[in-house]
Amino acid sequence: MQSSQITDSHCHLEQFEDPETVLSEATDVGVGRVVTMGQDEGSMRQALELASRFPDQVLVGLGIHPVNVVTLTAQALAASVSFLRDHAAEADEIGETGLDYKWAVDEELQQAQHKMLEIHFELAARVQRPVNLHSRRCLRQVMDAAIAFHRDTGVHAQLHWFTQSARLVHQTNDAGIFVSVGPSILQDQQAADVASEIDNALLLIETDAPVPIGGEAGHPRRARDVLTKLAALKGVEEDVLAQHIERNFVRFLGRDFPR
Ligand SMILES: [Zn+2]
């Protein structure tokens, strides 16, 4: 086991057949905690179950993924919203929420995603939990929404997988928005260059596992490879950076963990 444990700040643990093995494989390389992000009613239920089974290792995001906002039946979506409202206070974070214009191809669908994002923001402010945000083909829209939310409420926001534009990262740095970096920086030089621009005090690590990246299956243990790469990019010792990023994570969360 490595000396400093780090957190995979965005993954989908319930999508693995054997989450217990995944957690122990991750812990073996120093990834001692994961945040598992709910995406609909079923995965929110599973996320809460995993957190109660592994209270020292699993944190829970409760939310409805923007792709689900436009693909679920009206009935399933309503059930997800009511589950989210009923259980928001049990979450460590609100999300995965955000916008996805790959799927929301017209104004009506985009409006539906925006409306759902607002519901997540209202709940996050009410229960005082940070938000975990997805953005695809609408980086600026999600970033602007995150900045306004953080400015108006003081509650933190994380832009997940937000390593596409150095210009936007300079704006998130100025606004105090957290950005998580994933395994895309291991192969994609442009993503690595953007990652090196993220303010050290706002930097988080994630994997989005089990989503495969660069032809390799996703796994929370890859957060360790991301840390190694980030340390090289930033020219700091890996263990020092690990401790720094963990302090960021606790600040983002707004409370101690384990609870
Ligand atoms: Zn995700």
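Before any of the text, the structure's been laid out above.
Draft legend 1. Up close: the overall build of the protein chain. Looking only at helices and strands, the protein chain features 10 helices and 8 strands. Relative to its length of 259 residues, the protein chain is compact, with a C-alpha radius of gyration of 17 Å against a globular reference of 18 Å. For the protein chain, the spread of C-alpha atoms along the three principal axes comes to 50 × 40 × 35 Å. Put simply, of all contacts in the protein chain between residues at least 6 apart along the chain, 74% involve residues at least 24 apart. As displayed, the protein chain offers around 10900 Å² of accessible surface, 48% of which is attributable to carbon and sulfur atoms. Averaging the locations of the 22 positively and 38 negatively charged side chains of the protein chain gives two centres separated by 3 Å.

Draft legend 2. Main features of the coordination of the zinc ion. Taken together, His-10 (NE2), His-12 (NE2), Glu-96 (OE) and Asp-208 (OD) make up the full set of protein donors to the zinc ion, lying 2.2 to 2.4 Å away. Because the angles between the 4 donor atoms bound to the zinc ion fall within 84 to 171°, the donor set is best described as irregular.

Draft legend 3. Representation of the side chain of Asn-173 in the model. Considering the arrangement of structural elements, one finds Asn-173 in helix 7 (residues 166-175). For Asn-173, a relative accessible area of 17% corresponds to the buried category. Among the polar contacts listed, one links the side chain of Asn-173 to the backbone nitrogen of Asp-199, at a separation of 3.0 Å. The contacts of Asn-173, once residues within four sequence positions are left out, are Glu-197, Ile-198, Asp-199 and Leu-202.

Draft legend 4. Region of the structure containing the sheet that holds strand 5 (residues 131-136). In space, the 8 strands of this open sheet follow the order 1-2-3-4-5-6-7-8, with parallel pairing throughout. Every other strand in the sheet has two partners, leaving strand 1 (6-11) and strand 8 (203-205) as the edge strands with one partner each. Each neighbouring strand pair of the sheet contributes to a mean axis angle of 30°, computed without reference to strand direction. Relative to strand 7 (residues 178-181), strand 6 (residues 157-160) runs parallel, the two being bridged by 3 bridges. Bridge pairing in strand 7 places Leu-159 opposite Val-179. Its contacts with the sheet place helix 10 (residues 238-253) against strand 1, strand 2 (31-37), strand 3 (58-62), strand 4 (93-100), strand 5, strand 6, strand 7 and strand 8, and it is angled at close to 100° to strand 8.

Draft legend 5. Quick look at the packing of helix 6 (residues 139-153) against helix 7. The N-to-C vectors of helix 6 and helix 7 enclose an angle of 5°; their axes lie 10 Å apart at closest approach. Between helix 6 and helix 7, the crossing angle belongs to the class labelled roughly parallel. Contact with helix 6, carried on its side by Leu-139, Arg-140, Met-143, Ile-147 and His-150, involves Leu-168, Gln-171, Thr-172 and Ala-175 of helix 7 and no other residues of that element.

Draft legend 6. Structural context of the side chain of His-160. Considering the arrangement of structural elements, one finds His-160 in strand 6. Excluding residues within four positions of it along the chain, His-160 makes contact with His-10, Glu-96, Asn-132, Leu-133, His-134, Ser-180, Glu-206 and Asp-208.

Draft legend 7. Up close: the nonpolar core. Of all hydrophobic cores here, the largest spans 72 residues; its most connected members are Leu-13, Leu-133 and Leu-230. Counting residues per element, this core draws most heavily on helix 5 (residues 107-127), at 7 residues. Ignoring sequence-local partners within four residues, the contact set of Leu-230 consists of Val-181, Ile-185, Ala-195, Leu-203, Ile-205, Leu-241 and Ile-245. Counting residues in hydrophobic clusters, the runner-up holds 10 residues, among them Leu-59, Leu-202, Leu-204 and Phe-252.

Draft legend 8. Quick peek at the packing of aromatic side chains. For the coordinates displayed, the defined rule picks out 3 aromatic pairs. An angle of 15° between the planes, with centres 4.5 Å apart, marks the rings of Phe-121 and Phe-149 as stacked. Of the two residues, Phe-121 sits in helix 5 while Phe-149 sits in helix 6, which places them 28 residues apart along the sequence. The pair formed by Phe-121 and Phe-149 is uniform in burial state, with each residue classed as buried. On the basis of an interplanar angle of 35° and a centroid distance of 6.4 Å, the ring pair of Phe-249 and Phe-252 is categorised as tilted. Here Phe-249 pairs with Phe-252, and both are found in helix 10, just 3 residues apart, close to one helical turn. Since its relative accessible area comes to 2%, Phe-249 is described here as buried.

Draft legend 9. Inspection of the packing of helix 2 (residues 41-53) against helix 4 (residues 74-87) at higher detail. Contact pair helix 2 / helix 4: the axes reach a minimum separation of 9 Å and the direction vectors enclose 30°. With respect to each other, helix 2 and helix 4 are oriented roughly parallel. Of the residues in helix 4, those in contact with Glu-41, Met-44, Arg-45 and Leu-48 of helix 2 are Ala-79, Ser-80, Phe-83, Leu-84 and His-87. Looking at side-chain class alone, the contact of helix 2 with helix 4 contains 5 nonpolar, 2 polar and 2 charged residues.

The rules behind these values
Residues numbered from 1 in each chain as written. Predicted model: local features only at pLDDT ≥ 70, side-chain atom pairs only at ≥ 80, totals over all residues. Heavy atoms only, no water. Helix = DSSP H or I, 4+ residues; strand = E, 2+ residues; numbered from the N terminus. Rg over C-alpha atoms; globule rule 2.2 N^0.38 Å. Contact = heavy atoms within 4.5 Å. Areas by Shrake-Rupley, 256 points an atom, 1.4 Å probe, with all protein chains shown as cover. Lys, Arg positive; Asp, Glu negative; His and termini not counted. Charge placed at Lys NZ, Arg CZ, Asp CG, Glu CD. Donors = N, O, S within 2.8 Å, 3.2 Å for Na, K, Ca; no water. Tetrahedral: all angles 85-135°; square planar, octahedral: opposite > 155°, others 65-115°. Buried < 20%, exposed > 50% of the residue type's maximum accessible area, 1.4 Å probe, protein only. Polar contact = N/O pair within 3.5 Å; in protein donor to acceptor, adjacent residues only side chain to side chain. Pairing = 2+ DSSP bridges. Axes fitted to C-alpha atoms, helices over the stretch in contact; angles between N-to-C directions. Parallel < 35°, antiparallel > 145°, perpendicular 65-115°, else oblique. Core = buried A, V, L, I, M, F, W, Y, C linked by side-chain atoms within 4.5 Å. Phe/Tyr/Trp six-rings, centres within 6.5 Å; stacked < 30°, edge-to-face > 60°. Nonpolar A, V, L, I, M, F, W, Y, C, P; charged D, E, K, R; others polar.

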